[in-house]
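# Geometric and topological summary
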Amino acid sequence: MARKQKTFLDKIAKGTGPRGEKCPVCGEVIQNVMIIRPYRTQDGTWRYERQMASFCKCNEKEVFVDKPVIL
Ligand SMILES: [Zn+2]
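I will try to describe carefully the structure that is included in this document.

Cut-offs applied
- Residues numbered from 1 in each chain as written.
- Predicted model: local features only at pLDDT ≥ 70, side-chain atom pairs only at ≥ 80, totals over all residues.
- Helix = DSSP H or I, 4+ residues; strand = E, 2+ residues; numbered from the N terminus.
- Buried ≥ 20, exposed ≤ 12 C-beta atoms within 10 Å, placed from the backbone.
- Contact = placed C-beta atoms within 7 Å.
- Pairing = 2+ DSSP bridges.

Now for the overall build of the protein. Across its full length, the protein holds 2 helices and 3 strands. Ordered by position from the N terminus, the helices and strands of the protein form the series α-β-β-α-β. When the 71 residues of the protein are sorted by exposure, 3% land in the buried category. At a minimum sequence separation of 6, the contacts of the protein that also span at least 24 residues come to 37%.

Right, dumping it as structure tokens:
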């Protein structure tokens, strides 16, 4: 019954897996993820911008600040 709730970052880590490259600052393994950010064009339609992002403890708050969809 007491099933551990997976956090947002747990799901990401499961999808990408560690690459073995460690950040020299925080010592965490650097994760590479695809981020899709929706944005609105001038004619009112929604588009999605894809970008690769690398994150660790140092910048994860900045990377995920907009709560983007992760693939
Ligand atoms: Zn770091």
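What follows deals with the pairing of strand 2 (residues 46-55). Along strand 2, only 1 of the 10 residues are buried, which leaves the element largely exposed. As paired elements, strand 1 (residues 31-40) and strand 2 share 10 bridges and run antiparallel to each other. Note on strand 2: the bridge partner recorded for Gln31 is Phe55. Between strand 1 and strand 2, which pair antiparallel one after the other, the connecting turn spans 5 residues, and Gly44 there sits at a positive phi close to 90°.

Let us look at the environment of Phe55. Here Phe55 lies in strand 2. C-alpha of Phe55 to C-alpha of Glu28: the two residues are 27 residues apart in sequence and 9.4 Å apart in space. Contacts of Phe55, omitting those with residues within four sequence positions, involve Gln31, Glu60 and Val63.

On to the environment of Tyr39. Mapped onto the fold, Tyr39 is located in strand 1. The exposure class of Tyr39 is exposed, given the 9 C-beta atoms found within 10 Å. Measuring from C-alpha to C-alpha, the distance between Tyr39 and Glu49 comes to 7.3 Å, with 10 residues separating the pair along the chain. Excluding residues that lie within four positions of it along the chain, Tyr39 makes contacts with Arg47 and Glu49.

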